[in-house]
There are 2 protein chains.
Amino acid sequence: MDLPAQLSSLLPAGAVLTGDDMSAYLQDWWGRQTGSALFVTLPKTTEDVAAIVRACANAGHAIVPQGGRTGLTGAGVPGAGDRPPVILSLSRMRSIRKIDAINGSIDVDAGCVLSDVQSAAIAADRLFPVSLGAEGSCQIGGIISTNAGGTNVLRYGTTRENVLGLEVVLPDGMIWNGMKALRKDNSGYALRHMFIGAEGTLGIVTGAVLKLHSLPKAHATAWVGVSDRELALRLLNRLQSCCGERLTTFELMNAEQLASVIAHRPVVASPADAAWHLLIELADMSAPEFLSEMLLAALGAAMNAGEILDAVIAQNGIQRDNFWALRHGTADANRNVGHLLPADISVPVSAVPQFLNTASAAVRNRFPGAQIVVVSHMGDGNVHFGVRFSHRDWSSHDDPGGTEVAVRTIMNDCADALGGSFTAEHGIGRKLADELRTRSDEAGYQSMQRLKKVFDPHGTMNPGCVLREHDQLS
Amino acid sequence: MDLPAQLSSLLPAGAVLTGDDMSAYLQDWWGRQTGSALFVTLPKTTEDVAAIVRACANAGHAIVPQGGRTGLTGAGVPGAGDRPPVILSLSRMRSIRKIDAINGSIDVDAGCVLSDVQSAAIAADRLFPVSLGAEGSCQIGGIISTNAGGTNVLRYGTTRENVLGLEVVLPDGMIWNGMKALRKDNSGYALRHMFIGAEGTLGIVTGAVLKLHSLPKAHATAWVGVSDRELALRLLNRLQSCCGERLTTFELMNAEQLASVIAHRPVVASPADAAWHLLIELADMSAPEFLSEMLLAALGAAMNAGEILDAVIAQNGIQRDNFWALRHGTADANRNVGHLLPADISVPVSAVPQFLNTASAAVRNRFPGAQIVVVSHMGDGNVHFGVRFSHRDWSSHDDPGGTEVAVRTIMNDCADALGGSFTAEHGIGRKLADELRTRSDEAGYQSMQRLKKVFDPHGTMNPGCVLREHDQLS
């Protein structure tokens, strides 16, 4: 009996897909990466996952663990050139196992969709703060394995800071039960942090205990126009000093980015006319009037100091939603308006203006016809710097591969020079494995190789992801 | 030339101590653990550390990295029965390398004393939030290697959550430069989290980039008496709902603990008369009146609901300091008043009352003459549950070792039954290595062994710490 048939007999009905039934599992959301697979498995329990992992290990097959396929570096779908692997999709594991509002914790299966977890938290009067454009599709195992960021990192940290415990199937099929719901636990090495952000290369996350926070009941939201990124930084500093942790959102975009969102989805008008735009939000437990007054006072002082050009404070929930629609509309717009070469840079927050200046100058110099599209989680020092070509320009382009490399090199050199990172929140995947090799500190890269080798000695867990395939066993 | 002489010729003057000059480095603060060493080294730079590590590796000597010797599980001083190791004290490496207030980061040497870093942050109008009784002596490398907790974890997390980057000398003498000052960086495996909390067993932390926060300008502090721990939990929930992240402190102690603090240091009177006492603090950026009103309103509502017996809000800085002196006085009192068998348990916050009930009943049953002394970072689910014998009782005790084990077993069984940890913030050290072996999930312990083996194949980094010596190479 071949392996798919063996596994079919072992697992619940419909747990093994082959042939054309696999097609949905072979392509990422972005539509740029398609690969092939031996077959697809759809386990329902952690024990199912362990059984599949053991069977594949015996047969010498590689495994690609898969969440909602919304990742942006190709970690969740097979690469085109790889030995075809087995895809292990967590999408049928979507139970919320337990919620403890007093402890501020929720135990979930890895296949739970992020927005379902957010809703379950709200129903218990709590907040699960990780929030991003793909939240209606991405899965908990995926955001953990990528250490996803999003728009609430400024106050609540990345996914990493919101994971208390994990359950992981290791490459040899053993199950590690680290489902502790504790705020403090110093019992040995911090294993969960090895698996968070490891993109399924050291094991498969099957369950997690997530941290919940008090649910803010009041929000004050503003759209602010500024003439210059230096002034945006001054405003950030001002708001942090007077509002502290109430400041949950400080998102920057340039006028070109805003225009393309509006062009793609022309229901919302631009709230301000400026070269740079900020979406700012404060959140607190109560007293929305107090919060609006606080924001108004801070923005008034900034206006008097000549830091900002214009500011609109949302007067109601609809206006707030409209502001957010402009921010959340960037991903869709950037997928559809022209051909965008994206970057996901981080630098120290204090260096964001300098990064924008040097990167823009370098791009304009090299590609005068391209448009620069910036959307930035500025409060985290994270800049999505896009270089956009019209579809016509791109299709007539001589050397698209070379242009991609050239743009990436400009970005990453500018970030490096400021002590930054070439991948702030999207991870490495297959796409940036070469870049990781090139830009890593030698002792750091060797340490990563050691980690991979000792946990996955046969290199069968998501091979080619994070570390290049030939670096994994050397 | 022998190794101390070799190293003396290589390193700055006074960098190698032998004989009686070593005595201060051989004993921990608690005074219960004393060991022996071949010699002590006092490097001034990261390169010095690397040179010492390489020389010891060549000679096959083990190394015990040492901070302020304030740890409570014996990780920073040699054990009595070990092969004598070389002690590597970071105490001469105490430069603050850089501070970036806008980015909210500070780069420091590992030997910096915690209170010096706190002061440097305040001078830049920022907060480094890790705060604990030993802050005037403990060093940054020590709090990182233990993942220290303290009294601000409720709002700001443990040390782990406040480390952005690390510099580490690996067991082979290579220097890993991970001194990134970034809020987001997903470039490969999270190496820094391996070293945080690893107690110097995977490498020696020589530098760190720490996270700074907005400096609160207003505080409201209360001392509250409650009749029962269940009611304390209800009050915690109430305060989190209405005050959110403003709640920075929620510390519980029993009347016996408070009495011993006052007995040991009789300058401060008890602010309330109750079986259980809470120190509660709110912090915010501004408007102290508003904050006091908020606390007063919440405590008033709690009083009306019958949750609390008595509450005193500090009217000025002196009163606030007095409340804190009672809390910070627990460590000194517990070291001096009778013979205390301490425990450092964590459970889900919601399970703290149940833990206190079952552990107290079990101790009373087994040791009717002993006194129960509780001080708890209740907001983090962390309970320091002490069982105290009078000096007279203890010195006439038949089997002190057996009693220690019996008390520890009671504590840890009660914690285990509630999904807890036997070491919340003090770590494993040499003292709890057996306990870690016994209470670990099998896949988890094997993973820790793998980590140790791949990073420290010869087992020379702080041997016997975290993992038992014979488990390190198996």
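All values reported here derive from a predicted model rather than from experimental measurement.

J.: Could you give an account of the overall build of chain A, naming the residues involved and the relevant values?
T.: Looking only at helices and strands, chain A has 16 helices and 19 strands in total. Radius of gyration (C-alpha) of chain A: 23 Å, near the 23 Å computed for a compact globule of 474 residues. Projected onto the principal axes, the alpha-carbon positions of chain A cover approximately 75 × 60 × 45 Å. Relative to its full complement of 474 residues, chain A shows a buried share of 61%. In chain A, once contacts between residues fewer than 6 apart in sequence are set aside, the share between residues at least 24 apart is 73%. For chain A, the computed accessible surface area is about 16500 Å², with 50% contributed by carbon and sulfur atoms. The distance from the centre of the 39 positive side-chain charges to the centre of the 48 negative ones in chain A is 3 Å.

J.: Can you lay out the interface of chain B and chain A for me, pointing to particular residues and giving the numbers?
T.: Contact residues are listed per partner, giving 86 residues for chain B and 86 residues for chain A. Carbon and sulfur atoms supply 57% of the area buried between chain B and chain A, which totals about 6700 Å² over both sides. Per-residue buried area on chain B facing chain A is highest for Lys184(B), Asn186(B) and Tyr189(B); these three make up 16% of the total on that side. Linking chain B with chain A are 10 salt bridges, by the criterion used here. For Arg450(A), the salt bridge is made with Asp172(B), and the minimal N-O distance between the two is 3.4 Å. Counting the contacts that link chain B with chain A gives 42 residue pairs in polar contact (both at pLDDT 80 or more). Every element with two or more residues in the side of chain B that touches chain A is listed here: α5 (153-156), β9 (175-178), α6 (191-195), β11 (213-214), α7 (229-243) and α15 (442-455) of chain B. For the side of chain B that touches chain A, the element with the most residues is α15(B), which contributes 11 residues. Its residues assigned to classes, the side of chain B that touches chain A comprises 34 nonpolar, 33 polar and 19 charged.

J.: Tell me about the side chain of Ser346(A), and please be specific about residues and values.
T.: Within the secondary structure layout, Ser346(A) lies in strand β17 (residues 345-346). At 2.7 Å, the side chain of Ser346(A) and the backbone oxygen of Lys184(B) are in polar contact. Among residues more than four places away in sequence, those in contact with Ser346(A) are Gly381(A), Asn382(A), Ala415(A), Gly420(A), Ser421(A), Ala424(A), Leu182(B) and Lys184(B).

J.: Outline the environment of Thr34(B), listing residues and values.
T.: Residues and elements named next belong to chain B. The residue Thr34 is located in the loop between β1 (16-17) and β2 (39-41) in this model. Distance in space between the C-alpha atoms of Thr34 and Ser23 is 9.3 Å, their sequence separation being 11 residues. The residues contacting Thr34, other than those within four sequence positions of it, are Leu26, Gln27, Pro78 and Ala80.

J.: Tell me about the sheet that holds strand β5 (residues 96-100) of chain A, and name the residues and values.
T.: All names here are of chain A. An order of β5-β6-β10-β8-β9 is seen for the five strands of this open sheet, with the pairing classed as antiparallel. Of all strands in the sheet, those bounded by a partner on one side alone are β5 and β9 (175-178). Taken pair by pair, the neighbouring strands of this sheet meet at an average axis angle of 10°, ignoring direction. Note that strand β6 (residues 105-109) and strand β10 (residues 204-211) share five bridges and pair antiparallel. Residue Asp109 lies in a different strand from β10, and its bridge partner there is Gly207. Seen against the sheet, helix α2 (residues 46-59) touches β5, β8 (163-169), β9 and β10 and runs at an angle of roughly 45° to β8. Where helix α3 (residues 114-123) meets the sheet, it contacts β5, β6 and β10, and its direction lies at approximately 35° from that of β5.

J.: Describe the domain arrangement of chain A, naming the residues involved and giving the relevant values.
T.: Size of an interface: often given as the accessible area lost when the parts come together. For chain A, the assigned domains read domain 1 (3-89), domain 2 (96-214), domain 3 (218-336) and domain 4 (339-417). The straight-line distance from the C-alpha centre of domain 1 of chain A to that of domain 3 of chain A is 42 Å.

J.: Describe in detail the packing of aromatic side chains, supporting the description with residues and values.
T.: Geometry of an aromatic ring pair is reported as the spacing of the ring centres plus the angle between the planes. A complete count under the given rule lists 13 aromatic pairs over all chains for this structure. When the centroid spacing of 6.1 Å and the interplanar angle of 80° are considered together, the rings of Phe355(B) and Phe385(B) count as edge-to-face. Taken together, the residues span a long stretch of sequence, with Phe355(B) in helix α11 (residues 352-366) and Phe385(B) in strand β19 (residues 382-389) at a distance of 30 residues. Ring geometry for Phe389(B) and Trp394(B): centres 5.3 Å apart, planes at 45°, overall tilted. Across the pair, exposure class does not vary: Phe389(B) and Trp394(B) are buried alike. Following the ring pairs from residue to residue traces out a cluster consisting of Trp176(A), Phe195(A) and Phe455(A). The ring centre of Tyr445(A) lies 4.2 Å from the NZ or CZ of Arg437(A), which sits over that ring.

J.: With reference to specific residues and values, describe the packing of helix α11 (residues 352-366) of chain A against helix α13 (residues 400-417) of chain A.
T.: Residue and element names in this part refer to chain A. One way to put it is that α11 packs onto α13 with a least axis distance of 9 Å and a crossing angle of 155°. By the angle between their axes, α11 is roughly antiparallel relative to α13. Read as a crossing pair, α11 and α13 show a hand that is right-handed. Between α11 and α13, the contacting residues are Phe355, Thr358, Ala359, Ala362, Val363 and Arg366 on the first element and Ala406, Ile410, Met411, Cys414 and Ala415 on the second. When the residues that make up the contact of α11 with α13 are grouped by side-chain class, the tally is nine nonpolar, one polar and one charged.

J.: Describe the relation of the copies chain B and chain A, with residues and values.
T.: The two copies are related by a screw motion: chain B maps onto chain A through a turn of 180° and a shift of 0.0 Å along the axis, at an RMSD of 0.0 Å. What we have between these two chains is a two-fold relation. Closest to the rotation axis within chain B is the C-alpha of His193(B), separated from it by 3.1 Å. Comparing interface residues between copies, 100% of those in chain B also sit at the interface in chain A, which points to an isologous, same-surface contact.

J.: Which residues make up the environment of Ser9(A), and what values go with them?
T.: By secondary structure assignment, the location of Ser9(A) is in helix α1 (residues 3-10). A residue is classified by how much of its surface remains accessible, and Ser9(A), at 54% relative accessible area, is exposed.

J.: Explain the pairing of β10(A) to me, and be specific about the residues and the numbers.
T.: Residue and element names in this part refer to chain A. Most of β10 sits out of view: eight of its eight residues are buried. Sheet topology note: the β8/β10 ladder contains six bridges and is antiparallel. Looking across to β10, one finds that Gly165 is bridged to Val209.

J.: Give me the lowdown on the sheet that holds strand β4 (residues 86-89) of chain B, citing residues and values where you can.
T.: Residue and element names in this part refer to chain B. With mixed pairing, the four strands of this open sheet are ordered in space as β1-β2-β4-β3. The sheet terminates laterally at β1 and β3 (63-66), the two strands that pair on one side only. Pairing of β2 with β4 involves three bridges; the strand directions are parallel. Bridge pairing in β4 links Val40 to Ile87. Along the sheet, helix α1 (residues 3-10) contacts β1 and β2; its crossing angle with β2, the most-contacted strand, is approximately 15°. In the packing of helix α2 (residues 46-59) onto the sheet, the strands contacted are β2, β3 and β4, and the crossing angle to β4 comes to about 170°.

J.: Kindly report on the pattern of salt bridges, identifying the contributing residues and their values.
T.: Residues and elements named next belong to chain A. Under the counting rule described, the total for this entry stands at 42 salt bridges over all chains. Across the salt bridge formed by Glu281 and Arg320, the nearest N and O atoms sit 2.9 Å from each other. Of this pair, Glu281 sits in strand β14 (residues 276-284) while Arg320 sits in helix α10 (residues 317-336), and the two are 39 residues apart along the sequence.

J.: Residues and numbers for the side chain of Asp100(B), please.
T.: Residues and elements named next belong to chain B. Mapping Asp100 onto the fold places it in strand β5 (residues 96-100). No salt bridge forms around the buried Asp100; measuring N to O, its nearest opposite-charge neighbour Lys98 is 6.3 Å away. A polar contact of 3.0 Å, which involves the side chain of Asp100, links it to the backbone nitrogen of Asn103.

J.: For α11(B), give the residues involved together with the corresponding values.
T.: All names here are of chain B. With 15 residues, α11 should cover 21 Å at 1.5 Å per step; its first-to-last C-alpha distance of 21 Å lies within 8% of that length. Considered for burial, the residues of α11 that qualify are Val352, Pro353, Phe355, Leu356, Ala359, Ser360 and Val363. Projected onto a plane normal to the axis of α11, the buried residues spread over an arc of 155° and lie on a single side.

J.: Got a sec to walk through the state of the cysteines? Specific residues and values, please.
T.: Residues and elements named next belong to chain B. Across all of its chains, the model carries zero disulfides over all chains by this definition. Summary of cysteine pairing: Cys56 is not part of a disulfide, and the nearest cysteine sulfur, belonging to Cys465, is at 17 Å. Its relative accessible area of 0% is what places Cys56 among the buried residues.

Reading the values: the criteria
Residues numbered from 1 in each chain as written. Chains lettered and ligands numbered in written order. Predicted model: local features only at pLDDT ≥ 70, side-chain atom pairs only at ≥ 80, totals over all residues. Heavy atoms only, no water. Helix = DSSP H or I, 4+ residues; strand = E, 2+ residues; numbered from the N terminus. Rg over C-alpha atoms; globule rule 2.2 N^0.38 Å. Buried < 20%, exposed > 50% of the residue type's maximum accessible area, 1.4 Å probe, protein only. Contact = heavy atoms within 4.5 Å. Areas by Shrake-Rupley, 256 points an atom, 1.4 Å probe, with all protein chains shown as cover. Lys, Arg positive; Asp, Glu negative; His and termini not counted. Charge placed at Lys NZ, Arg CZ, Asp CG, Glu CD. Buried area = accessible area lost by both parts, 1.4 Å probe. Salt bridge = Lys/Arg side-chain N within 4 Å of Asp/Glu carboxyl O. Polar contact = N/O pair within 3.5 Å; in protein donor to acceptor, adjacent residues only side chain to side chain. Nonpolar A, V, L, I, M, F, W, Y, C, P; charged D, E, K, R; others polar. Pairing = 2+ DSSP bridges. Axes fitted to C-alpha atoms, helices over the stretch in contact; angles between N-to-C directions. Domains from an automatic or database assignment. Phe/Tyr/Trp six-rings, centres within 6.5 Å; stacked < 30°, edge-to-face > 60°. Lys NZ or Arg CZ within 6 Å of the ring centre and 35° of its normal. Parallel < 35°, antiparallel > 145°, perpendicular 65-115°, else oblique. Left-handed = near helix turned anticlockwise from the far one by under 90°. Least-squares fit on C-alpha atoms with pLDDT ≥ 70 in both. Expected span 1.5 Å × (residues − 1). Arc of directions from axis to C-beta. Disulfide = S-S within 2.5 Å.

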